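# Inside the fold
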Amino acid sequence: MKIHGYVIANTDGEIICSSYREFSEDETETFRKYNTLLTEKGEINGYVKLFDLGICQLVGRTVNDDFGDVVGTITYISNSFNDTAFVDRVKTLFGVETTIFEGSLRTNSTVIGDNGKRVTGTNIENEEIIDEVYNQRKEWLGINDVAGRPHFACYAPLPSYDGSVIGMVFGGIDLMVRSTLVWSLVAYMIACFLVIGGFIAFIFTRRFGRIVGDPIIAINEQAKLIAEESAKTAAEA
């Protein structure tokens, strides 16, 4: 299921209006925790696990009244990670195989296995990588077997909005395809660093930041009115 939507909430995390599907009880609690942090920080660009939707991108900003006081929040939610068009786009842009993980499970990938299908639904078996990325919160760089073929690979953590690691992303080069020139390998090493370190910022921060940044100007006044009216109603009750 492909989801893109906006959520407007008050400072208590109560959803005022949304173009997103209805939250489950557990998702509502997750959103409240996120919203509390967003209210404190003013802006968040991170990730969250939303059950059947998998890892989703969150880009949120606070809505302030004329006195600068926070009266609500607006958040853009997208689960593009689950869309094959997303990883295919990254591969086209950067020339590397790309995989999204939840834990050790590959949930989206450009890598094709021996059966001619994407390796989505399979697990990574390298415990060193799992420990380095999830427990030590570091990037792992080296040669790793992917779908039975050696890849020069870089694995990097996907941080949740609260700083925890909820997934990882892989960028790699198939060495059986490109292994003839040493300088090419060096170039690919640099490319992998740039891909993992930079493509998240480029693809997500710029893309989703713009998605939130552009319309927030137009809807800010309306959002303030909605939030203020909600606060007034709650006070009268």
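Calculation rules
Residues numbered from 1 in each chain as written. Predicted model: local features only at pLDDT ≥ 70, side-chain atom pairs only at ≥ 80, totals over all residues. Heavy atoms only, no water. Helix = DSSP H or I, 4+ residues; strand = E, 2+ residues; numbered from the N terminus. Buried < 20%, exposed > 50% of the residue type's maximum accessible area, 1.4 Å probe, protein only. Areas by Shrake-Rupley, 256 points an atom, 1.4 Å probe, with all protein chains shown as cover. Core = buried A, V, L, I, M, F, W, Y, C linked by side-chain atoms within 4.5 Å. Phe/Tyr/Trp six-rings, centres within 6.5 Å; stacked < 30°, edge-to-face > 60°. Pairing = 2+ DSSP bridges. Axes fitted to C-alpha atoms, helices over the stretch in contact; angles between N-to-C directions. Contact = heavy atoms within 4.5 Å. pLDDT = per-residue confidence, 0-100.

### So, the overall build of the chain
On a plain count of helices and strands, the chain comes out with four helices and ten strands. Helices and strands appear in the chain in the N-to-C order β-β-α-β-β-β-α-β-β-α-β-β-β-α. The buried share of the chain, taken over its 237 residues, is 46%. Carbon and sulfur atoms make up 53% of the accessible area of the chain, which amounts to about 12000 Å² in all.

### Description of the nonpolar core
In terms of nonpolar packing, the biggest core is built from 15 residues, with Tyr155 and Met168 touching the most fellow members. Listed by contribution, the elements that provide at least two residues to this core are α3 (127-135), β8 (140-146), β9 (149-159) and β10 (165-174). When residues of this core are assigned to their parent elements, the largest contribution, four residues, is made by α3. With 14 residues, the next largest nonpolar core counts Leu38, Leu53, Cys56 and Leu58 among its residues.

### Looking at the packing of aromatic side chains
Two aromatic rings, taken as a pair, are described by how far apart their centres are and by the angle between their planes. Summed over all chains, the structure comprises six aromatic pairs. Residues Phe101 and Tyr155 carry aromatic rings whose centres are separated by 6.0 Å and whose planes lie at 55° to one another, so their mutual orientation is tilted. Placement of the pair is Phe101 in strand β6 (residues 97-102) and Tyr155 in strand β9, with a sequence separation of 54 residues. Measuring from centroid to centroid gives 5.0 Å for Tyr155 and Phe170, while their planes differ by 40°, and the two rings are tilted. Residue Tyr155 is located in strand β9, and its partner Phe170 is located in strand β10; the two are separated by 15 residues in the primary sequence. A relative accessible area of 0% means that Tyr155 is categorised as buried. On the basis of relative accessibility, which here comes to 1%, the residue Phe170 falls in the buried class. Within the aromatic cluster, the residues linked to one another by ring pairs are Phe101, Trp140, Tyr155 and Phe170.

### Quick notes on the sheet that holds strand β4 (residues 55-64)
Strand order across the open sheet formed by five strands is β2-β1-β5-β4-β3, with antiparallel pairing between neighbours. The sheet is open, and its two edges are formed by β2 (15-18) and β3 (43-49), each paired on a single side. Across the sheet, the mean angle separating the axes of adjacent strands is 25° when strand polarity is ignored. The sheet contact formed by strand β1 (residues 4-9) and β2 spans three bridges and is antiparallel. Its bridge partner lying in β2, Ile8 is registered against Cys17.

### Here's the deal with the sheet that holds strand β7 (residues 105-109)
Strand order in this open sheet of five strands is β7-β6-β10-β9-β8, and the pairing throughout is antiparallel. The sheet terminates laterally at β7 and β8, the two strands that pair on one side only. Strand-to-strand twist across the sheet, computed as the mean angle between neighbouring axes with direction ignored, equals 35°. Where helix α2 (residues 84-94) meets the sheet, its contacts fall on β6 and β7, and the angle it forms with β6 comes to roughly 140°. Docked against the sheet, α3 engages β6, β8, β9 and β10, running at close to 130° with respect to β10.

### A few points about the confidence of the model for the chain
In this model, the chain carries an average pLDDT of 77, and 72% of its residues clear a pLDDT of 70 or more. The model gives residues 199-224 a pLDDT under 50, and that stretch makes 54 contacts with residues more than four places away or in other chains.

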